[in-house]
Amino acid sequence: MKSRYVFVFPTEAINKPLTYHLVKDFDLKVNIFNAYINSGEEGNLALEIEGSPGQIQAGLEFAKSLGVECSTLDKRVKLEHDRCINCGACVAVCYSDALKMDANTMELNFDKDKCTVCELCTTACPLQLFKINFVE
Amino acid sequence: MKKIKTYSEINERIKNGNAVVMTAGEFKELANHSKPGELANKVDVVTTATFGPMCSSGAFINFGHSGPPMRLEKISLNDVPAYGGIAAADAYVGATETANPHDKYGGAHVIEDLVSGKDIRLKASSKGTDCYPRKEIETKINIESVNEAFLFNPRNAYQNYAAAVNSQRRKLYTYMGVLLPSCGNVNYSTSGEYSPLLNDPDMRSIGVGTRIFLGGTQGFVAWHGTQFITSRPRNESGIPVLPAATLSLIGNLKEMSAEFIKAAYYEKYGTSLFVGVGIPIPVLDEDMAARLAIRNEQIETQVFDYGLSERPVVKKVNYKELQSGEIELGGRKVRTAPLSSISAAKNIMKLLKEEVSTGKFLINEPVEHFPKNTTNKALEGIEHG
């Protein structure tokens, strides 16, 4: 299975080669698509992890043991869908294809599993309906 | 061409509740297996619609007179400047006006707030005259408290519009939305085969006085819109392949709904107003039926490169390709996005069909047809030595 997470590192955990251990010790495929390091405070990493549910669980436990907070990525993404007018301005910038217009209804579909928390839609939406905080 | 029916015959059927009314979507499906003559005999009215960001929009408001009376000269509504250079208690608030250059709240938001029934803070000043001695006022107004409030939009409902792409290496923030670098997306902005002026491209039934759906109520075509260009090249289906005709629209803001009047803010561009416009088109004869049968693949537009100042044409595309979600550009697939809400246009067509079918909405014959053979003039600056 594949799952997307946001990891928040405390300063102390920055020196540990976390992704190396996730790959080598837990046999996980790791794909990083967004990273932010606020020197002296904390670091943020948005990533997709692929492996068996047991391996992923063990990898997450290991990360937590280093003081890394792990939360699923969809928790960082909010859309006020009931106010959406289906104009498609967000679709224009969504290079990860999480936001697409249904070709039949021409209504917006948001597949959060494809979101990479790039935040481009937050500025593209003319009604400011996205609340995406990769870094909280 | 043989005239099949007149406006008065169609209106008689509407009043009696026997008119055959279809949305543009339904009519085009029927047209797949019917000839124009059969369609013209069978169908009376076809509803068309668009719901896009239309910057050239605004509202006239009369606030009523204060005691002692005042000529409101410098006016703001929720700090957004409104034009007061007309009679004492009248003002015009334009959709793109803002208090400060980078504000996300502008005239469009004032208009949406008015339509939603919210209170608006009015501030005004005046030099004071013998007949209008008062110099300052600060108060609250709302849609109920003002005498008149009507939307009067100089340029809406564009007949076709160019699509936009950006070949440069930085993002562009435009009224056509965010354009990603290296041709990362193509944005377009019409409702294609549902769009009013693409269904009656010669404007045989659309002119001064045409009754329309505007922002949730009945409004009218006031005039041909600004930048009204009839001389654009047309394709073999008779459709202009560049931005061509436009409409100036008027309607009672007091009867409008915030569902169809929606304020927008485009990053680093400014504010605009989504306006819901629906136009019922009478199927007077075979020619009208044939025009109404037009499909997205017959409606073409050009993709302009907004990354270069001369905006060269990159490609000719049709709306079937654009609405599919991606087009081919320079040997790769590029995502497309509409900017104008096609699902809202569908909803307006349905509502308008219901209004016409139940006798609440009659078809006006234009009082005056629009000018033919108009061109566009450019503005030349004067160099100061």
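Once a new chain begins, its residue numbering starts again from 1 and follows that chain's sequence as written. All chains are assigned letters beginning at A, and all ligands numbers beginning at 1, according to the order in which they are written. It should be noted that, the model being predicted, local features are given only for residues of pLDDT at least 70 and side-chain atom pairs only at 80 or more, the latter also being counted only at that level, while totals for whole chains, interfaces and linings use all residues. Neither water nor hydrogens contribute to the side-chain values; these are computed over all heavy atoms in the structure.

Quick look at the overall build of chain B now. Looking only at helices and strands, chain B has eight helices and 22 strands in total. A compact globule built from 385 residues would reach a C-alpha radius of gyration of about 21 Å, and chain B, at 22 Å, matches this within 12%. For chain B, the spread of C-alpha atoms along the principal axes amounts to about 70 × 60 × 40 Å. Throughout, exposure labels follow a simple rule: accessible area from a 1.4 Å probe, protein chains only, divided by the maximum for the residue type, with under 20% read as buried, over 50% as exposed, and the rest as partly exposed. Of all 385 residues assigned to chain B, the portion counted as buried reaches 56%. Any two residues whose heavy atoms approach within 4.5 Å at even a single point are treated as in contact. Excluding contacts between residues fewer than 6 apart, the proportion of contacts in chain B whose partners are at least 24 apart in sequence is 72%. We get accessible surface area from the Shrake-Rupley algorithm with a probe of 1.4 Å; when it comes to residues, only the shown protein chains can shield them. Summed over its atoms, the accessible surface of chain B is roughly 16600 Å², and 48% of this surface lies on carbon and sulfur atoms. His is not counted, nor are the chain ends, whereas Lys and Arg count as positive and Asp and Glu as negative. Positions of charges follow a simple convention, taking NZ of Lys, CZ of Arg, CG of Asp or CD of Glu. Here chain B contributes 44 positively and 42 negatively charged side chains, and the mean placements of these two sets differ by 3 Å. Only runs of H or I of at least four residues qualify as helices and only runs of E of at least two qualify as strands under DSSP, and these elements are numbered from the N terminus. Atoms counted for the radius of gyration: C-alpha only. Globule rule: 2.2 Å times residue count to the power 0.38.

Before going further, it helps to examine the domain arrangement of chain B. Residues and elements named next belong to chain B. Domain delimitation in this document rests on an assignment produced automatically or drawn from a domain database. Considered domain by domain, chain B is made up of domain 1 (25-54 + 156-357) and domain 2 (64-146). In this structure, domain 1 and domain 2 have C-alpha centres spaced 33 Å apart. The interface of domain 1 with domain 2 comprises 14 residues on the first partner and 20 residues on the second. Note on domain 1 versus domain 2: buried area summed over both sides is about 1300 Å², and carbon and sulfur give 67% of it. Buried surface area refers to the total accessible area, computed with a probe of radius 1.4 Å, that the two partners give up upon joining, counted for both partners together. Its largest share of buried area at the contact with domain 2, domain 1 owes to Leu253, Lys254 and Thr271, together 42% of the area lost on that side. Here, a salt bridge means any side-chain nitrogen of Lys or Arg that lies within 4 Å of a carboxyl oxygen of Asp or Glu. Our count for the domain 1 to domain 2 interface comes out at one salt bridge. For Glu112, the salt bridge goes to Lys262, with nearest N and O atoms at 3.8 Å. Counted as a polar contact is a pair of N or O atoms within 3.5 Å, where, for protein atoms, one must be capable of donating a hydrogen and the other of accepting one, and residues adjacent in sequence contribute only when both atoms are in side chains. Our count for the domain 1 to domain 2 interface comes out at four residue pairs in polar contact (both at pLDDT 80 or more). Mapped onto the side of domain 1 that touches domain 2, the elements with two or more residues apiece are strand S17 (261-266) and strand S18 (270-282).

Before going further, it helps to spend a moment on the domain arrangement of chain A. Residue and element names in this part refer to chain A. According to the domain assignment, chain A consists of domain 1 (2-75) and domain 2 (78-132). Taking the mean C-alpha position of each, domain 1 and domain 2 sit 26 Å from one another. In this complex, domain 1 contributes seven residues to the contact, which on the side of domain 2 involves eight residues. In total, about 580 Å² of surface goes out of reach between domain 1 and domain 2, with carbon and sulfur atoms giving 51% of it.

Now for helix H2 (residues 24-31) of chain B. A large share of H2 of chain B lies buried, amounting to six of its eight residues. The elements touched by buried residues of H2 of chain B are strand S1 (21-23), helix H3 (36-42), strand S2 (45-53), helix H5 (196-199), helix H6 (286-292) and helix H8 (342-357) of chain B.

Quick look at the pairing of strand S4 (residues 74-77) of chain B now. Remember that side chains alternate between the two faces of the sheet whenever the strand is regular. Residue and element names in this part refer to chain B. For two strands to be treated as a pair, DSSP must find at least two bridges joining them. As paired strands, S4 and strand S7 (residues 120-125) are joined by four bridges and run antiparallel to one another. In the strand pairing of S7, Leu77 is matched with Leu122. Where S4 and strand S5 (residues 80-82) come together, three bridges link them in antiparallel fashion. Looking at the pairing, Ile75 lines up with Ala82 of S5. Between S4 and S5, which pair antiparallel and follow one another directly, the connecting turn spans two residues, one of which, Asn78, has a positive phi of 50 degrees.

Here the focus is the interface of chain B and chain A. Each partner contributes to the interface: chain B provides 25 residues, whereas chain A provides 24 residues. A buried area of about 1900 Å², summed over both sides, lies between chain B and chain A, and 61% of it is on carbon and sulfur atoms. Taken together, the links from chain B to chain A amount to one salt bridge. In this structure, Arg335 of chain B engages Asp97 of chain A in a salt bridge whose closest nitrogen and oxygen atoms are separated by 3.7 Å. Linking chain B with chain A are nine residue pairs in polar contact (both at pLDDT 80 or more). At the level of secondary structure, the elements contributing two or more residues to the side of chain B that touches chain A comprise strand S13 (185-187), S17, strand S22 (332-337) and H8 of chain B. Here the side of chain B that touches chain A gets five residues from one element, more than from any other, and that element is S17 of chain B. Side-chain classes are defined by residue name, with Ala, Val, Leu, Ile, Met, Phe, Trp, Tyr, Cys and Pro counting as nonpolar, Asp, Glu, Lys and Arg as charged, and the others, Gly among them, as polar. Classifying every residue of the side of chain B that touches chain A gives 13 nonpolar, seven polar and five charged.

Residue and element names in this part refer to chain B. Read across the open sheet, the four strands follow the order S5-S4-S7-S8; overall the sheet is antiparallel. The sheet is open, and its two edges are formed by S5 and strand S8 (136-141), each paired on a single side. For this sheet, the mean angle separating the axes of adjacent strands, direction not counted, is 25 degrees. In the sheet, S7 pairs with S8 via six bridges, with the strands oriented antiparallel. In the strand pairing of S8, Ala124 is matched with Ile137. Between the N-to-C directions of two axes lies an angle of 0 to 180 degrees, each axis being a line fitted to C-alpha atoms and, for a helix, fitted only over the stretch in contact. Seen against the sheet, helix H4 (residues 107-115) touches S4, S5, S7 and S8 and runs at an angle of roughly 125 degrees to S7.

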